[in-house]
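# Examining the three-dimensional arrangement
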Amino acid sequence: MARQWTPAQTDAIRARGGSLLVSAAAGSGKTAVLVERVLERLTDPEHPTAADRLLVVTFTRAAAAEMSARISRQIALLLEENPRDVHLQRQQIRMARAHISTIHSFCGDLVREFFYKLEISPDFRILDDSEMAVLRADAVEEVLEDYYGRGDEGFLALIDAFAAGRDDSRIVRTVDTLYDFIRSHPFPERWLQEKAAAYRDVTDPAQTQWGKTVLVFAEQAVEYALSITDHSLLLLREAPELEAAYQEAYASDRAGLLALKETARSGDWDETVFRCSSFSFARLKSVRGFSEDPVKLRVSAARDEVKAVIKRLAGLFCASREECAHDIARLAPLVEKLFEVTMAYARALDAKKAERRAADFGDLEHWTLRLLWKDGENGPELTPEAAEIAARFDEVMVDEYQDTNEAQDMIFRAVSQREENLFMVGDVKQSIYGFRQAMPQIFLRRRASFPLYDLSLIHI
């Protein structure tokens, strides 16, 4: 019996003529929809797509194998019904060459195909976790010994900031973690340079990315505190005696919160610091006989929550503009030295892998990026190889898109046709945040920028 698709699922399966982002919750049949979309693309009576002209990327080998098996099984069932269908027979044969794989398998295939352009050995192998751990330990030890041997003052200051006595394990962990993080970005060294520049010549923390972020957080946190204070004022109307005793204090809280919200919104750092540190809560008048009253309990709990919000904000806004600028200036050389050591570690590790004709999964992504993108006057530009590869695919389909990082997303963009034939499926609530530096904000940005699908506005 044929599966009954919902209207939204049907739209996701049959939509054509542009890129599509499918955002759906767990258990909503996202993978089944993707498989059905592939089948409909392969069997379209007017504009069929060959199986080897679709790129389908998922994040585990097991998922890729299962998806390939499900598609092959459905083609076989269709052939049982129409054994003389030549098109289906061809699709069945082409499934052997179909590009249904993990991102790393896809990158590995491209790297091996274009190894001569990347100037790497075509017979490289992927290191297992134990080999990689040994190489990483050797590389970081080599780099630290080199810096110690040079007596680099900036490095010694960095060690003093991180180390406890003779133990430098914290700096080792920090360099290791930072190295993993920057590899999720398409151009790690440039990313570090941009971030180091953010520490230079800071006079007003409100103008930094960190300051802007914490000010926005403050405004949102105070908005939340205002909402529960307003709700408390409404609840007090149900208990006139309590309202008479508490209304003035809660109204005072509200006035203070409104002033703090406007200050945070204005971006005045010092005034925000002052309002957070000097925020006072008026003492509640005593009311006998209401110790277990539900209204009293609820408004008291709400006020405790507001106090917790203000306490947290006071912890964030704990230093004046001048003090923050001084702290950032003191950190700037330490940050730059940390970034320098991390890049030295990256180069040492790359050299050790090259000696062994070996690579890790991150190398596959970055080699692929080097193949597809080049530095231009106005930023990254697509290479001729990117255009050649993109022409191979009628559609690029990405499953579990919420777990994509920036480097991977840049690869998908490069192998699509001007980003006009992407089909992305995911659920941001299922993001394995931190798994290979997944960046769910990429999914959220696309969801915010894409218009809602409306069949009446599609012209095919």
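Right, let's walk through the structure included here. (Residues numbered from 1 in each chain as written. Predicted model: local features only at pLDDT ≥ 70, side-chain atom pairs only at ≥ 80, totals over all residues. Heavy atoms only, no water.)

### Thoughts on the overall build of the chain
Assigned secondary structure in the chain consists of 19 helices and nine strands. The C-alpha atoms of the chain give 29 Å as radius of gyration, which overshoots the globular expectation for 460 residues (23 Å, by more than 25%). Referenced to the eigenvectors of the C-alpha coordinate spread, the extents of the chain come out at roughly 90 × 70 × 40 Å. Counting all 460 residues of the chain, 44% fall into the buried class. Of the contacts made within the chain by residues no fewer than 6 positions apart, 77% connect residues no fewer than 24 positions apart. Counting every atom, the chain has about 25,100 Å² of accessible surface; 51% of that belongs to carbon and sulfur. For the chain, the separation between the mean place of its 59 positive charges and that of its 75 negative charges on side chains is 3 Å. (Helix = DSSP H or I, 4+ residues; strand = E, 2+ residues; numbered from the N terminus. Rg over C-alpha atoms; globule rule 2.2 N^0.38 Å. Buried < 20%, exposed > 50% of the residue type's maximum accessible area, 1.4 Å probe, protein only. Contact = heavy atoms within 4.5 Å. Areas by Shrake-Rupley, 256 points an atom, 1.4 Å probe, with all protein chains shown as cover. Lys, Arg positive; Asp, Glu negative; His and termini not counted. Charge placed at Lys NZ, Arg CZ, Asp CG, Glu CD.)

### Considering unusual backbone geometry
The phi dihedral of Arg357 is positive, around 50°, even though this residue is not glycine. Tracing the backbone shows Arg357 in the loop between helix H15 (321-355) and strand E5 (358-359). Positive phi outside glycine occurs at Glu400, with the angle close to 55°. Considering the arrangement of structural elements, one finds Glu400 in the loop between strand E8 (395-398) and helix H18 (406-415). For Glu400, a relative accessible area of 24% translates into the label partly exposed.

### Side note on the nonpolar core
Core analysis: the largest hydrophobic core is formed by 38 residues, its most contacted members being Phe106, Trp367, Leu372 and Ile389. Breaking this core down by element, the ones donating at least two residues are strand E2 (54-58), helix H5 (103-113), helix H16 (361-372), helix H17 (384-390), E8, H18, strand E9 (422-426) and helix H19 (440-449). If you tally residues by element for this core, the top one is H18, at six residues. Each residue touching Ile389, except ones within four places of it in the same chain, is listed here: Leu110, Phe114, Leu371, Leu372 and Val415. Of all hydrophobic cores here, the second largest spans 35 residues; its members include Ala139, Val143, Leu158 and Val175. (Core = buried A, V, L, I, M, F, W, Y, C linked by side-chain atoms within 4.5 Å.)

### Focus: the pattern of salt bridges
Using the criterion set out here, one finds 37 salt bridges in the structure. As a salt-bridge pair, Lys352 and Glu142 come within 3.1 Å of each other at their nearest N and O atoms. Taken together, the residues span a long stretch of sequence, with Lys352 in helix H15 and Glu142 in helix H7 (residues 129-150) at a distance of 210 residues. Residue classification places Lys352 among the buried positions, given a relative accessible area of 14%. Ionic contacts of the salt-bridge type, sharing partners, join the residues Arg183, Asp350, Lys353, Asp360 and Asp363 into one network. (Salt bridge = Lys/Arg side-chain N within 4 Å of Asp/Glu carboxyl O.)

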